[in-house]
Amino acid sequence: MKQKILAVLTAVIFMSCMATIKKYGYTDGPILTFSEDAHTSVTINWLTSENKSSQLQWGEEKSNLSKTETTPAGTDHHVTLRNLQPNTTYYYKINEELFLQEEELIPNDKIFSYTTPDKNSPLDFVIMGDMQAFNEETLRTNRVTMKKLSKLDTDCIVQLGDITEVGTDPESWHWFMKSSPIAASTIPFLSVVGNHDYYWEIPNAANFKKTLKYNYPSTAKSKSAYYSIDIKNAHFIFLDNFDLWPGMTPSQKRWVEKDLEEASKNSKWIFIFMHHPPFTTSNEGDKSNLHRWLLPLTAKYNVDAIFWAHMHLYEHYEYQYGKNGYTFGLNDKIADYPLHMFCSGGGGARLDSLYGGFTDHEPFDEKMLMWNRTEKKVEMKVFEKRPWNPLKLRPELADIVSTTQDWTKPGFEMSKVFYYYPFDTKDAYDNLEYSTNKENLYTDSAKFLGFKYGENALHYIRVLADDKECTISVHYYNGNEGDHGQIMETPFGHQQKWNFQAKSR
Ligand SMILES: [Fe+2]
């Protein structure tokens, strides 16, 4: 009987795996990733419609692609170029009829280039949020994003998850591939896995992992897609919020803590990326209590900044853990400095307002069990979360992005852009005074958790860091090549740009 049950179970598991990994119907790519040493290697990923072996040619001269790599039979192809020299340009060509071969932004000769990082130059990377292309409108905003990023001289693009609308559907991966090679064929694309990439029914990141090869540690089981990598003087950690929903598996958490401990000895900067928000003023709470685990760690290891997405908008928090007298644990370290945290969800997907998230979510309570360090007692803090107040939206400030050229192309329907800010006056904004009028904040916890500013806008974040100083700035796209677009400002003129010094760890 036991054997029969085992056989049935095996068949069910096999069939569910078959259902997860469907045949791919297109020949798409390429996407560059880092799956080994970021300074001496790069991985090229592409997909073929047929289950077959595929070939790639490469070399240092565009006219002489003398080296050939052949992949094993399959639909997902990965080639890692190794022993590369620093600050050197390499050229490559995939011997397939790629879907994007006629795209005006792809080289006519289908020969792509990649330049290895120069360790002596400052770290420079950009961060974008949810993409989720599924129709012509979202494809267009994805293309605008990718086109802008493709013009930047940057070390890599970090994408914060939800690259697909339905991660279990090959069509969704094709929509992702329609726009992403514009930038990711020449700039390494480092993505975290999002809930849409998993897709809710099947708790398995198989499609994400089989499409994009990253530096997954051996402890990451097939269902998990977390990893880390060193780039120049920085350590990048990419969490998987979904390998145990709601939350993260204990094995992932153990891996992260060990990885952080190691990084704190060797890296000048530490950045953490994830998809799901530890907190947000928008319409979702932290179902996994991620903040209770994450914030004490960032204080312990002096993490420099953390980034998440999922909400299709922009938010900035600046929070010195423990400084307000509360921690989650009795013995947690009070942070030495404020931690910058960003929600960066405007990477091409429909903005929050277009999903109706601004006005129609139900009010609910968020409860946090905190340790009151002054009174030395445990307190249950209850934060109320209310529907968005339409009166607080600022339609008169809308469309700032649409004034730049890319957004005004004929036929382009610019998403309406709204500002929101939870402060009555400039003085209140400057002093971060929390008004007692509850209409002013969408969530009571916002001030408590260091909320500074949010905006429902398409945007990207740029990070620059040498050995002494890090600068983080938030940009709207524009059509000008080479520059970084317009820096986002609050309605009171505060630039979304910060400088901070390297920490001693
Ligand atoms: Fe999401």
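## Here's the deal with the overall build of the protein chain
Assigned secondary structure in the protein chain consists of 10 helices and 25 strands. In the protein chain, which comprises 505 residues, the proportion classed as buried is 45%. Considering only contacts within the protein chain whose residues lie at least 6 apart along the sequence, 72% involve residues at least 24 apart.

## What about the pairing of strand β7 (residues 112-115)?
Only one face of β7 is buried: it carries Phe112 and Tyr114, and the other face, with Ser113 and Thr115, is open. Here strand β6 (residues 89-94) pairs with β7 via 4 bridges, running antiparallel. When the bridges of β7 are listed, Tyr92 appears paired with Phe112.

## Digging into helix α7 (residues 250-266)
Between its first and last C-alpha atoms α7 spans 25 Å; for 17 residues at 1.5 Å apiece the expected length is 24 Å, and the two agree. Turning to α7, its buried residues are Gln252, Trp255, Val256, Leu260 and Ala263. When α7 is viewed along its axis, its buried side chains cluster within an angular range of 135° and face the same direction. Exposed and oriented more than 90 degrees from the buried face of α7 are Pro250, Arg254, Lys258, Glu261 and Lys265. For α7, the secondary structure elements touched by its buried residues are β12 (234-238), β13 (269-273) and α8 (290-300).

## With respect to the sheet that holds strand β1 (residues 28-33)
Reading across the sheet, the 3 strands line up as β1-β2-β5 and stay open at both edges, with antiparallel pairing between neighbours. Each edge of the open sheet is held by one strand with a lone partner, namely β1 and β5 (74-81). Strand-to-strand twist across the sheet, computed as the mean angle between neighbouring axes with direction ignored, equals 25°. Summarising the sheet, strand β2 (residues 42-52) and β5 pair through 7 bridges and their orientation is antiparallel. Bridged to Thr43 within β5 is Thr80.

## Points about the confidence of the model for the protein chain
Of all residues in the protein chain, 81% attain a pLDDT of 70 or more, and the chain-wide mean is 84. For the stretch residues 399-416, pLDDT sits under 50, and the model shows 31 contacts to residues farther than four places along the chain or on other chains.

## Topic: the nonpolar core
Residues Ile157, Leu239 and Phe273 are the most contacted members of the largest nonpolar core, which totals 118 residues. Both domains that furnish three or more residues to this core are identified here as domain 1 (26-115) and domain 2 (125-501). Those residues in contact with Ile157 that sit more than four places away from it in its chain are Val126, Met128, Leu149, Ala183, Ala184, Ile187, Phe189 and Leu190.

What counts and how
- Residues numbered from 1 in each chain as written.
- Predicted model: local features only at pLDDT ≥ 70, side-chain atom pairs only at ≥ 80, totals over all residues.
- Helix = DSSP H or I, 4+ residues; strand = E, 2+ residues; numbered from the N terminus.
- Buried ≥ 20, exposed ≤ 12 C-beta atoms within 10 Å, placed from the backbone.
- Contact = placed C-beta atoms within 7 Å.
- Pairing = 2+ DSSP bridges.
- Expected span 1.5 Å × (residues − 1).
- Arc of directions from axis to C-beta.
- Axes fitted to C-alpha atoms, helices over the stretch in contact; angles between N-to-C directions.
- pLDDT = per-residue confidence, 0-100.
- Core = buried A, V, L, I, M, F, W, Y, C linked by C-beta atoms within 7 Å.
- Domains from an automatic or database assignment.

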